[in-house]
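# Observations on chain architecture
What follows is the residue order along each chain.
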Amino acid sequence: WRNNNQLLGKSPAHEARDVTGFIFSNLRCVRCRKPLVFRGGQYPCSACGTAPKMIYGKPLFLADQGFREIKTDLDTGLLNRLKTFLKKYSTFYNTLFYLLSPALFLGKSPRTLFRFLPKDAFVLDIGSGSKKISPNVINLDIYPWDNVDIVSDAHDLPFLDNSVDAVITTWTMEHLKYPGKVV
């Protein structure tokens, strides 16, 4: 993340082609749905004053209890602990995933989407994990992996309406409590 002061006074993020600027200029309060504003080194809601906490320099849009439950789940069981450790080395983890995963990789890659979008389009990757498929992709995950930009629940996205150009999600829907709500 860049220094937050560098985001002040910028032109709209789509013009600036800056993912960080875009993210912070398009976040909304998950409580009252109003825009967040930069004030005093934080991003409180313009209406109710609620500000997201920051974790590892990333905005956290989860309740403390929810984040603790996720962290506990990731630390439970040998496979989860191994995945958590390996995701710290995203290139290595992603290579292993593609080589050893029981998932069958047929059809189109998420990168195919970029052929149909302008080069400066902003794409939201819900459930991104530790992979970053393009510089203009905003990674959202429920855990602050290295390449994650925003920590949030996919069921309640912290973005203003119509603020991203496209949304992708791979190997995520089966993990969601209410996948229909996310769609």
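Residues numbered from 1 in each chain as written. Predicted model: local features only at pLDDT ≥ 70, side-chain atom pairs only at ≥ 80, totals over all residues. Heavy atoms only, no water.

### Some remarks on the overall build of the chain
How we decide: To qualify as a helix, a DSSP run of H or I must reach at least 4 residues; to qualify as a strand, a run of E must reach at least 2; elements of each kind are numbered from the N terminus. Per-residue accessibility, obtained with a 1.4 Å probe over protein chains only, is compared with the maximum for each type, and a residue is labelled buried under 20%, exposed over 50%, and partly exposed between these values. Pairs of residues are marked as contacts when any of their non-hydrogen atoms sit within 4.5 Å. Only the protein chains shown count as cover for residues, with accessible areas throughout obtained via the Shrake-Rupley method and a probe of 1.4 Å.
Counting its secondary structure elements, the chain contains six helices and six strands. When the elements of the chain are put in sequence order from the N terminus, they spell out α-α-β-β-α-α-α-β-β-β-β-α. Each of the 183 residues in the chain was classed as buried or not, and the buried ones make up 40%. For the chain, restricting intrachain contacts to residue pairs at least 6 apart in sequence, the fraction spanning at least 24 positions comes to 48%. Total accessible area computed for the chain in this model is approximately 10,900 Å², and 56% of it derives from carbon and sulfur atoms.

### Quick word on the sheet that holds strand β2 (residues 58–61)
Just so we agree on the cut-off: In this description, strands pair whenever DSSP reports at least two bridges between them. Whenever a helix is involved, its axis is fitted only over the stretch in contact; in every case the axis is a line through C-alpha atoms, and angles between N-to-C directions fall within 0 to 180 degrees.
One open sheet holds the six strands; their spatial order is β1-β2-β5-β4-β3-β6, and the pairing between them is mixed. Either end of the sheet is taken by a strand with one partner, and the two such strands are β1 (53–55) and β6 (166–168). Sheet twist, expressed as the mean angle between neighbouring strand axes with direction ignored, is 30 degrees. Where β1 and β2 come together, three bridges link them in antiparallel fashion. For Met54, the partnering residue across the bridge sits in β2 and is Pro59.

### Points about the packing of aromatic side chains
Operational definition: The criterion for an aromatic pair is that two Phe, Tyr or Trp rings (for Trp, the six-membered ring) have centres within 6.5 Å, with stacked assigned to planes under 30 degrees apart, edge-to-face to planes over 60 apart and tilted to the rest.
Applying the stated rule across the entire model yields three aromatic pairs. Taking 4.5 Å as the distance between ring centres and 55 degrees as the angle between the ring planes, the aromatic pair formed by Tyr143 and Trp145 counts as tilted. This pair shows no difference in class: Tyr143 is buried, exactly as Trp145 is.

### Structural notes on a nonpolar patch on the surface
Quick reminder of the rule: A patch consists of residues exposed above 30% relative accessible area that lack any salt bridge, with like charges linked at up to 9 Å and nonpolar side chains (Val, Leu, Ile, Met, Phe, Trp, Tyr) linked at up to 5 Å. Salt bridge, as used here, is a side-chain nitrogen of Lys or Arg placed within 4 Å of a carboxyl oxygen of Asp or Glu.
Together, Leu79, Leu82, Phe85, Tyr89 and Phe92 line one region of the surface with nonpolar side chains, adding up to about 540 Å² of accessible area. Of the residues forming the nonpolar patch, the biggest block, three residues, is contributed by helix α4 (residues 78–86). Within the secondary structure layout, Phe92 lies in helix α5 (residues 90–100). A relative accessible area of 48% means that Phe92 is categorised as partly exposed.

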